[in-house]
Amino acid sequence: MLHPGDAISTARRVLYIVLLGALTALGPFTVDLYLPAFPVLERDFDTTAAAVQLTLTGTMIGFGLGQLIVGPLSDKLGRRIPLLIVTGVHVVASVAAALAPTLVLLGGARVLMGVGAAAGGVVAMAMVRDLFGGRRLVVMLSRLALVTGAAPVIAPLIGSALLSVMDWRGIFVVLASYGVVMLGCAIFVLPETLPRARRHDRGVTTMRQRYAAVFRDRIFIGVLIIGAMTFSGLFSYLSSSSFLFQQTYGFNAQQYGLLFAANSIGLVIGNQIAARLAARFGPQWVLAFSTAVLVLAAAAIAVCDQLGAGLWGTIVPLFVFMSACGFTFPCVQVLSLDRHGKAAGTAASLIGFSNNAVAGLISPLVGLIAHEAGITPTTMAVVMIGCAVVGVLSLWLVVRPRTVPQLTP
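So, the packing of helix α1 (residues 10-32) against helix α7 (residues 168-188)
Line of reasoning, step 1. One can describe the packing of α1 onto α7 by two numbers: an axis separation of 11 Å at closest approach and a directional angle of 155 degrees. Relative to α7, the element α1 is oriented roughly antiparallel. Crossing hand, α1 versus α7: left-handed. Between α1 and α7, the residues in contact are L19, A22, L23, A25, L26, F29 and T30 and L175, Y178, G179, M182 and C185, respectively.
Line of reasoning, step 2. Taken together, the residues of the contact of α1 with α7 sort by class into 10 nonpolar, 2 polar and no charged.

The following block contains the structure:
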């Protein structure tokens, strides 16, 4: 037995993945479930699309800051205590969002919801790293990456369905209920995976030492940039898609949701193929392929729009872009966490913070570029292209694939 998880039965391993996947999904669902309601919020609060997008930015920043807090605390106090406290904050903030009378108060509640949702993804990745390593870590993290990648795409589909039976406030009641369920699972089902002895390993006993350990790693920094840029490109699409497809292309909420369901297939396929390829060839070489495809697919969206290719000229390369995101996410997580088992919570928190904080800052650029002319596929694709190009440069100039060691067994 090289790792504690090697002794876990298959049935319990499946149970852990289901529960940890649900915890991981709490964050993306918190962020994305209300995306189809953006046009409704714009009308109800008599405001602008850019102002509504700022509530999304606030959520992303809160989500990122929350992860910076939860990750190091989980390395110091264990996984369960921070998970319970912060998930409780999520439940309270969700109720406040459902009752918010103004957009400003809704934005404040959304920041706290982001902080509260932070624990799930960080603790889930850290728990998997506590239990597994090497090639099995690739497989287990690919399951979580499947949730991480698919949840932002599936959430608007579910949000669209919810809007057909309730108003936008009901979506936040649903999120509060989701948080309560996850709180119960954390209390009664999930074990503590970080023993007291491992919380004080020599050289990584303080928060400063843990951050220093990961920031000294050039490969970690490069992969961190790739993950943040890929997620920012994905989120530039997500934050603008409700306006693009419902206002520019005339989709209703249900048609918009179905489009997200179709794109989720690409993410699922990408995740599962990436896990097999990464275990065989190395995650760095999978990233070499996927980051190049991200650039080409995003450029194809802009070119097709300028040539007047219409709806299909947008959704076909968009599907390719989402599939490439599916290839990228699990490889980013594996390269980040496999090298930092003693500071898994800290490493996971930095992944989450960089992804969400950077995406929260970049995604409103689509609206700013469009200004009063309205969001088009080209304005969306320009931001996606920029993010993808930065990811490619980070891979070849910072990570340098040929210098990445092979995964351990």
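Some thoughts on the pattern of salt bridges
Pairs can form between side chains of opposite charge whenever their charged atoms are close.
Line of reasoning, step 1. Evaluation of the coordinates by the stated rule reveals 2 salt bridges.
Line of reasoning, step 2. When the shortest N-O distance is used, the salt bridge between D130 and R79 registers 2.8 Å. One end of the pair, D130, is in helix α5 (residues 103-131); the other, R79, is in the loop between α3 (49-77) and α4 (80-99), and 51 residues separate them in sequence.
Line of reasoning, step 3. R79 sits in the buried class, given a relative accessible area of 1%.

Some points on the environment of V398
Line of reasoning, step 1. With respect to the helices and strands, V398 occurs in helix α15 (residues 377-399).
Line of reasoning, step 2. Take V398: its relative accessible area is 24%, and that puts it in the partly exposed class.
Line of reasoning, step 3. In sequence terms V398 and Q284 are 114 residues apart; their C-alpha atoms lie 12 Å from each other.
Line of reasoning, step 4. In contact with V398, other than residues within four places in its own chain, are R218, G222 and L393.

Observations concerning the confidence of the model for the chain
Line of reasoning, step 1. The predicted model of the chain has a mean per-residue pLDDT of 84, with 93% of residues at 70 or higher.
Line of reasoning, step 2. Here helix α14 (residues 365-370) stands out as the element of the chain with the lowest mean pLDDT, 73, in contrast to helix α11 (residues 283-306), whose mean of 95 is the highest.

Points about the packing of aromatic side chains
Line of reasoning, step 1. Inspection of the entire model under this criterion finds 11 aromatic pairs.
Line of reasoning, step 2. Ring centres 6.0 Å apart and planes at 75 degrees place the aromatic pair F29 and Y178 in the edge-to-face group. One end of the pair, F29, is in helix α1; the other, Y178, is in helix α7, with 149 residues separating them in the sequence.
Line of reasoning, step 3. The interplanar angle of 55 degrees and the centroid separation of 5.6 Å between the aromatic rings of F45 and W168 together place this pair among those described as tilted. One end of the pair, F45, is in the loop between α2 (38-44) and α3; the other, W168, is in helix α7, and 123 residues separate them in sequence.
Line of reasoning, step 4. For F45, a relative accessible area of 18% corresponds to the buried category.
Line of reasoning, step 5. By the ring-pair criterion, three or more aromatic residues cluster together here, those being Y34, F38, F45, W168 and F172.
Line of reasoning, step 6. Between the NZ or CZ atom of R110 and the centre of the ring of Y34, over which it lies, the distance is 4.0 Å.

About the cut-offs
- Residues numbered from 1 in each chain as written.
- Predicted model: local features only at pLDDT ≥ 70, side-chain atom pairs only at ≥ 80, totals over all residues.
- Heavy atoms only, no water.
- Axes fitted to C-alpha atoms, helices over the stretch in contact; angles between N-to-C directions.
- Helix = DSSP H or I, 4+ residues; strand = E, 2+ residues; numbered from the N terminus.
- Parallel < 35°, antiparallel > 145°, perpendicular 65-115°, else oblique.
- Left-handed = near helix turned anticlockwise from the far one by under 90°.
- Contact = heavy atoms within 4.5 Å.
- Nonpolar A, V, L, I, M, F, W, Y, C, P; charged D, E, K, R; others polar.
- Salt bridge = Lys/Arg side-chain N within 4 Å of Asp/Glu carboxyl O.
- Buried < 20%, exposed > 50% of the residue type's maximum accessible area, 1.4 Å probe, protein only.
- pLDDT = per-residue confidence, 0-100.
- Phe/Tyr/Trp six-rings, centres within 6.5 Å; stacked < 30°, edge-to-face > 60°.
- Lys NZ or Arg CZ within 6 Å of the ring centre and 35° of its normal.

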